[in-house]
Amino acid sequence: MALIVQKFGGTSVANRDRLFNVARIVANTRNEGNDVVVVVSAQGDTTDDLLEKAAEITHNPSQREMDMLLSTGEQISIALLTMALGELGCPAISLTGWQAGFRTDRTHTKARIQRIDSERISNELAKNRVVVVAGFQGINRHDDITTLGRGGSDTSAVAIAAALHADLCQIYTDVDGVYTADPRIVKKAKKLDVITFDEMLELASLGAQVLNNRSVELAKKYGVNLEVCSSMNNVPGTIVKEVVDVEGMLIKGVAKDVNVAVISILGVPDVPGMSFKVFSLMAQRKINVDIILQSSGNEGYKDVIFTVPLDEMEIARKTLEENMGRFGGNKIEVADNVAKVSVVGAGMQSHPGVASTMFEALYENNINIHMISTSEIKISVLIDKKEADKAVNAIHNAFVG
Ligand code: ADP
Ligand code: ASP
Ligand code: MG
């Protein structure tokens, strides 16, 4: 007998038929003699709808109240799925994040899980029940509800799998596994049988939302056996694990991130310490800076240009404008019409020519590169947002065919 954690995303539980389909997968797993903990997301577009409802009331909502609102989506799913399991004769109980013991830090809407007090889940499993847990949520030390950020149910699932030392954590979604690019953008994308944690982490961080990047980080840290598979087709999915035989494909995938903005600070005095002042301000506000470009000094001045997540652009701009005196720039410009497109592959550091193949594919399609960043296992370029899908296809074609 094994302990299996199964997570089902929003599309997989979107309506009655899909809920019963999920209930059958869960009941079959239990009937095969396994203990099962299920984590579910909010149905379909529920989270987006809740965000819209809040925006109808205010553009500056209390983050605590946002979490109170957003956490309701998952609560609907756990109750309905548990009822569906009951209809199939499968004993089950639903638990909200706090009932399941998810303790988080205090950062509303982007909370991090600190620990899981898993006695309640273990007790329910001992009663021979399937435990259906609300993803994406927990409580902080003031007993206020928190949420984990978009796509956070993946993280809930992996965290439970780690806490319970589960034998397997299956992430069921609306595609058959992890592909070499988003199969909705690249028709010729190929499904991967296996991918390493590091490659998956890069892909997820660079925009492949099939797995939330924090969930991959946790799976790597705690050695969770992770599989991404389809809730709609009964076909083998993708295994995510520590080491993969690297003889195979050099490039594992192409990812696109449109949640990105560029901040340019023009006319910064070309003296030591100015970049430190700019980026320490960003760090204080917990703004994630990604690609950084600094022009060489010209007549005593330079430009400092960097990218931030799109939803942090305004706060970054405001912070810099309020503190311009500290680093002495004369103008701040922001641009949100950009996208980051990346190639990822653990083998690339020992293979010359990856960058030139990527840039050639862009050149052949007349796509201009604004910024470039590289690491041992990825190359990212910043380009115009309207060309992003064309770029993903061109780069995929150059590497995967
Ligand atoms: P869920 O609701 O199950 O959490 P998500 O929408 O968060 O599902 O993630 C699944 C989606 O991720 C797919 O529908 C697909 O469009 C997208 N995606 C992006 N990149 C990839 C990739 N490399 N492989 C598979 N799917 C990808
Ligand atoms: N419902 C949340 C979201 O839409 C969490 C999740 O689906 O993982 O982001
Ligand atoms: Mg998701």
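To start, this report covers the structure provided alongside it.

Reading the values: the criteria
- Residues numbered from 1 in each chain as written.
- Chains lettered and ligands numbered in written order.
- Predicted model: local features only at pLDDT ≥ 70, side-chain atom pairs only at ≥ 80, totals over all residues.
- Heavy atoms only, no water.
- Pairing = 2+ DSSP bridges.
- Helix = DSSP H or I, 4+ residues; strand = E, 2+ residues; numbered from the N terminus.
- Axes fitted to C-alpha atoms, helices over the stretch in contact; angles between N-to-C directions.
- Contact = heavy atoms within 4.5 Å.
- Near = heavy atom within 4 Å.
- Polar contact = N/O pair within 3.5 Å; in protein donor to acceptor, adjacent residues only side chain to side chain.
- Areas by Shrake-Rupley, 256 points an atom, 1.4 Å probe, with all protein chains shown as cover.
- Nonpolar A, V, L, I, M, F, W, Y, C, P; charged D, E, K, R; others polar.
- Patch = residues over 30% accessible without salt bridge, like charges linked within 9 Å, V, L, I, M, F, W, Y side chains within 5 Å.
- Salt bridge = Lys/Arg side-chain N within 4 Å of Asp/Glu carboxyl O.
- Buried < 20%, exposed > 50% of the residue type's maximum accessible area, 1.4 Å probe, protein only.
- Disulfide = S-S within 2.5 Å.
- Expected span 1.5 Å × (residues − 1).
- Arc of directions from axis to C-beta.
- Core = buried A, V, L, I, M, F, W, Y, C linked by side-chain atoms within 4.5 Å.

## Re the sheet that holds strand 20 (residues 378-384)
Point 1. Spatial ordering of the open sheet is given by 13-18-20-19, a layout of four strands whose pairing is antiparallel. At either margin of the open sheet sits one strand with a lone partner, and together these are strand 13 (253-257) and strand 19 (371-375). Between one strand and the next, the sheet's axes are offset by a mean angle of 20°, whatever the strand orientation.
Point 2. As paired strands, strand 18 (residues 338-344) and strand 20 are joined by seven bridges and run antiparallel to one another. Bridge assignment links V341 to a residue of strand 20, and that residue is V381.
Point 3. Across the sheet, helix 11 (residues 354-364) lies against strand 18, strand 19 and strand 20, angled at about 20° from strand 20, the strand it touches most.
Point 4. The strands touched by helix 12 (residues 388-399) are strand 13, strand 18 and strand 20; relative to strand 18, the strand with the most contacts, the crossing angle is about 15°.

## What about the site of ligand 2?
Point 1. Near ligand 2 you find S41, A42, T47, E74, F136, R150, G151, G152 and S153, and these make up its full shell.
Point 2. One of the side-chain N or O atoms of T47 is found 2.8 Å from a nitrogen atom in ligand 2.
Point 3. R150 is positioned with one of its side-chain polar atoms (N or O) 2.7 Å from an oxygen atom of ligand 2.
Point 4. Protein coverage of the free-state accessible area of ligand 2, which is 260 Å², stands at 87%.
Point 5. Class assignment for the residues of the shell around ligand 2 results in two nonpolar, five polar and two charged.

## Considerations on a nonpolar patch on the surface
Point 1. Together, I76, L80 and M83 make up a nonpolar patch on the protein surface, roughly 270 Å² of accessible area in all.
Point 2. Residue placement: L80 occurs in helix 3 (residues 63-87).
Point 3. Classification of L80 by relative accessible area gives partly exposed; the value is 33%.

## Observations concerning the state of the cysteines
Point 1. Inspection of the entire model under this criterion finds zero disulfides.
Point 2. The cysteine C169 is free of any disulfide, with C229 supplying the nearest cysteine sulfur at 9.7 Å.
Point 3. Overall, the relative accessible area of 0% leaves C169 in the buried class.

## As for the site of ligand 1
Point 1. Neighbouring ligand 1 are 16 residues; T173, D174, Y179, D182 and R184 lie closest to it.
Point 2. A distance of 2.9 Å is found between a nitrogen atom of ligand 1 and a backbone nitrogen or oxygen belonging to Y179.
Point 3. Contact distances for ligand 1 include 2.8 Å between an oxygen atom and a side-chain N or O atom of D182.
Point 4. Starting from 570 Å² of accessible surface for ligand 1 in isolation, the protein chains cover 88%.
Point 5. Of the residues assigned to the shell around ligand 1, the class counts are seven nonpolar, five polar and four charged.

## Here we look at the pairing of strand 9 (residues 168-173)
Point 1. The buried fraction of strand 9 is high, at five of six residues.
Point 2. Sheet topology note: the strand 9/strand 11 (residues 226-230) ladder contains five bridges and is parallel. Counterpart to T173 in the pairing with strand 11 is S230.

## Some points on helix 12
Point 1. In this model, helix 12 (twelve residues) spans 17 Å end to end at C-alpha, consistent with the 16 Å of a helix rising 1.5 Å per residue.
Point 2. Buried within helix 12 we find A388, A391, V392, A394, I395, H396 and F399.
Point 3. Elements in contact with the buried residues of helix 12: strand 13, strand 18, helix 11 and strand 20.
Point 4. One or two positions beyond helix 12, positive phi appears at G401, with a value near 85°.

## Points about the sheet that holds strand 10 (residues 194-196)
Point 1. One open sheet holds the eight strands; their spatial order is 3-6-2-1-9-11-12-10, and the pairing between them is mixed. The sheet is open, and its two borders are formed by strand 3 (92-95) and strand 10, each paired with just one other strand. Adjacent strand axes in the sheet meet at a mean angle of 20° when their direction is disregarded.
Point 2. Sitting on the sheet, helix 1 (residues 16-31) touches strand 1 (3-8), strand 2 (35-40), strand 6 (130-134) and strand 9, and the angle it makes with strand 1 is about 175°.

## Comments concerning helix 2 (residues 46-57)
Point 1. With twelve residues, helix 2 extends 17 Å between its outermost C-alpha atoms, agreeing within 8% with the 16 Å of an ideal straight helix rising 1.5 Å per residue.
Point 2. Taken as a whole, helix 2 has its buried residues at T46, T47, L50 and A54. Mapping the buried residues of helix 2 onto a view down its axis gives an arc of 100°, with all of them on the same face. Exposed positions of helix 2 whose direction lies more than 90 degrees from the buried face are E52 and E56.
Point 3. The secondary structure elements touched by the buried residues of helix 2 are helix 3.

## A word on the pairing of strand 16 (residues 301-309)
Point 1. In this structure, strand 14 (residues 260-269) lies alongside strand 16, joined through eight bridges in antiparallel fashion. Residue pairing for strand 16: I263 is matched across the bridge by F306.
Point 2. Here strand 15 (residues 292-294) hands over to strand 16 after six residues, with E299 in that stretch at a positive phi of 50°.

## Structural notes on the nonpolar core
Nonpolar side chains in soluble globular proteins tend to end up buried together.
Point 1. By size, the foremost hydrophobic cluster in this structure holds 69 residues, and its most contacted members are I121, I160, M200 and V343.
Point 2. Here this core takes six residues from helix 5 (residues 153-163), the largest share from any one element.
Point 3. In this structure, I121 is in contact with V37, L95, A100, V131, V133, I160 and L164, ignoring residues within four places of it in sequence.
Point 4. Counting 22 residues, the second largest nonpolar core, distinct from the first, contains L19, F20, V22 and V26.

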